[in-house]
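For reference, the chains in residue letters:
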Amino acid sequence: MKFRFEGAVTDVMPGIQLLLDELEVELGDNGIPVEVALSDGNLEVGRDRDHAYIRFGRKHQFFRGLGLLVQHSRQSDSFHLHERQQFDQIGPMFDLSRNAVLTVDSFKLMLNKMALMGMNSVMLYMEDTYEIKDEPYFGYMRGRYTQAELKELDDYADQFGIEAFPSIQTLAHLEEFLKWEPIKHYRDTKGALLVGSEQTDSLIERMIEAASAPFRSNKIHIGMDEAEELGRGKYLDHNGYVSRFDIMIAHLDKVLAAVRKRGLKPMMWSDMFLKLAARGGGDAAYYDKDTSIPEDMARRIPKDVDMVYWDYTHMEPEDYEKLIANHRPLGCNLVFAGAVWIFNTFGVNYGLSLNASNVALQVCKQEGIREVYATMWGDDGNEGNPFAALLGLQLYAEHAYSAQKPSPAQLAERVKFCTGIDMEAFLLLKDLDEIPGQEPNNAKQSNPSKFLLYQDVLLGMFDKQIEGLDLSNHYAELEQNLRAKRDSTAELDYLFEMPEKLSAVLKRKSEIGILLKQAYDAKDADTLRHMAKNVLPAISKAVQELRIAHRTQWHRMFKPFGWEVIDIRYGGVITRLDTASFRILEYVEGRTARIEELEQERLVFSTTNRDNHKGVGWCSHYYRMASPNVFYHVLNPF
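Because the structure is a prediction, the values reported are computed rather than measured.

(A) Structural detail: helix H13 (residues 350-367). The end-to-end C-alpha distance of H13 is 25 Å, a good match for the 26 Å that 18 residues give at a rise of 1.5 Å each. One or two steps after H13, the chain reaches Gly368, where phi turns positive at roughly 75 degrees.

(B) Up close: the sheet that holds strand S4 (residues 43-48). Reading across the sheet, the six strands line up as S2-S1-S3-S5-S4-S6 and stay open at both edges, with mixed pairing between neighbours. One side of each edge strand has no neighbouring strand; the edge strands of this open sheet are strand S2 (26-27) and strand S6 (78-83).

(C) Molecular detail of empty space enclosed by the protein. The full count for this structure, using the stated rule, is three cavities of 30 Å³ or more. What the largest cavity holds in volume is close to 60 Å³. Taken together, Phe94, Asp95, Leu96, Ala100, Leu102, Ile342, Met376, Asn382, Pro386 and Phe558 make up the full set of residues lining the largest cavity. Split by residue class, the lining of the largest cavity holds eight nonpolar, one polar and one charged. Considering the residues around the second largest cavity, the lining is formed by Trp341, Phe343, Thr345, Asn349, Asp433, Asn442, Gln445, Ser446, Asn447 and Trp618. For the lining of the second largest cavity, the per-class residue count stands at three nonpolar, six polar and one charged.

(D) Region of interest: the pattern of salt bridges. With the rule as written, the count across this model stands at 58 salt bridges. When the shortest N-O distance is used, the salt bridge between Arg370 and Asp88 registers 3.1 Å. Here the residue Arg370 occupies a position in the loop between H13 and strand S14 (371-376), and Asp88 occupies one in the loop between S6 and strand S7 (89-95), the gap between them amounting to 282 residues. A relative accessible area of 36% means that Arg370 is categorised as partly exposed.

(E) Seen up close, the packing of helix H14 (residues 390-400) against helix H15 (residues 408-419). Taken N-terminus to C-terminus, the directions of H14 and H15 make an angle of 120 degrees; their axes are 10 Å apart at the nearest point. Like other packed secondary-structure pairs, H14 and H15 cross with a definite hand, here right-handed. Across the interface between the two elements, Leu390, Leu391, Gln394, Leu395 and Glu398 from H14 touch Gln410, Leu411, Arg414, Val415, Cys418 and Thr419 from H15. Taken together, the residues that form the contact of H14 with H15 break down as six nonpolar, three polar and two charged.

(F) Looking closely at the pairing of strand S1 (residues 2-7). Pairing of S1 with S2, which is carried by two bridges, proceeds in the parallel orientation. Looking across to S2, one finds that Lys2 is bridged to Glu26. Assessed by its sense of winding, the connection that carries the chain from S1 through helix H1 (residues 13-23) to S2 is right-handed. Bridge count for S1 against strand S3 (residues 32-38) is five bridges, and the pairing is parallel. In the sheet register, Gly7 faces S3, and the bridge partner there is Val36.

The rules behind these values
- Residues numbered from 1 in each chain as written.
- Predicted model: local features only at pLDDT ≥ 70, side-chain atom pairs only at ≥ 80, totals over all residues.
- Heavy atoms only, no water.
- Helix = DSSP H or I, 4+ residues; strand = E, 2+ residues; numbered from the N terminus.
- Expected span 1.5 Å × (residues − 1).
- Pairing = 2+ DSSP bridges.
- 1 Å grid on protein atoms, 1.4 Å probe; cavity = no way out; pocket = protein on both sides within 12 Å on 5 of 7 lines; lining within 4 Å.
- Points joined across faces, edges and corners; volume = space filled by probe spheres on them.
- Nonpolar A, V, L, I, M, F, W, Y, C, P; charged D, E, K, R; others polar.
- Salt bridge = Lys/Arg side-chain N within 4 Å of Asp/Glu carboxyl O.
- Buried < 20%, exposed > 50% of the residue type's maximum accessible area, 1.4 Å probe, protein only.
- Axes fitted to C-alpha atoms, helices over the stretch in contact; angles between N-to-C directions.
- Left-handed = near helix turned anticlockwise from the far one by under 90°.
- Contact = heavy atoms within 4.5 Å.
- Right-handed = clockwise from strand over helix to strand, strands pointing away.

If you want it as structure tokens, here you go:
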């Protein structure tokens, strides 16, 4: 396909050049003429045989229009499209702090996809993965971005009209920086800064300067979420009891002073204020529909900071309507952050993500919220990846250009064009966790793809959670389905190699602990011997193949720092399988009287289970999946 762009092309031509190969489009004097013109803010795209047009109000809209022009030209030589953007700002938030730091090249590829979708904002969540002058331990060995790398990303995004800006932490969630002994003077608790000290105030100034300097945008997200431990460590020792609200407001005032003098526009997570108003703790207090912001609290909250209401799970419109209403007394501009669930799993919980996002985004339109983000957190080491979440991002994009909920057919057509991957292939990733026994759409966020891989076959801590579910057949079928849906010609086909290999592991490993226990209780020495000599080594071989596929994927999209964590986890699975074979053979060959691990009664891992309609379980931490014993116990690390 060949085009000749005419008119208001100067500002968009660099971006066009970046997308030509991806779109399989050429430029030439003998190409179809495309009139490029500015409009009143709406996006209009059309073609009448040998003439086409793209009319747009904002730069990023042109690139969505370019994609629509190519997409529809492949089907027809006559069409006319008209779209009105529903949100002023829409885009993803990439978690670049939990081991998986996107390389500059893979980030650019993601920006290409975002441009075709029509997104115009990207938030870079960086706890300690950016450079601060004279703070060598900040992001040390963590794959931190240099100032030059961040500027390169900002320059690239700007060619598509995408506003890139930093999301940092200026209060809590700084465990990976505060763990270092040489900077202990900044530490209140394990993850929270010692607020009120001159050293911390100086650090905050330098954080804000370093994080904002590489970007054109004047926006900055200052974090401040989930700071329940605030003032409960060294601060308490030094100052005695002070209410967390008073501590937080005093600290926020200092942070905002540093932000204002640089001409920056701040936003922050809203949860701590609602939790404090509810006089509770944790997310339950944040989502308490009866929460009321007291007038004296609202009066003390600065009004020049946008509040970001985050909500990843609700499925009913009234939940969002009530929680948005709870935020209104804060008196600040309200921003919404939903999620595409790649949290703590090898897959993507699309059942929850797509349904929750559809409801949330429609309510945001109804309530007049003009800025929305799709978060993709990488909790506990980040086995997942944001490219697998592209279907979820596509849903956000389609909502952004439609007053109504986009149809499944529209979503499927758009995601295939923008990513090269079928929607059905993306949706298979949910079946790594959406197994038999779950609540519909995995609404309780179970993550068996992770805990069944990492759990020890002799200890079987999750075996009681999955009894009777026939998971071997589930994962065998998923392996075949993934293989059948792959397209070797697609640029992103490699995303499915690791899930396919994981399914090959779990069809063997998911229920092996149950079978070992049954054979041991029945004193079936022949079965135990077969498992030790054949079955467990076969699982180990499959795990090694999975590790290689995962390693290839990681190094293709992320910096190398952080992979060592996943490497160690795979090593633990493989060595424990070897020890299990050793222990079983010791028993069946008469060198030990019993296998104590298999003598133990199997109990449910938690109250999150099928008996009370909470799915098959959720576990947030690898070390709890791998063993019930002590990985570390630190009272005073220094």
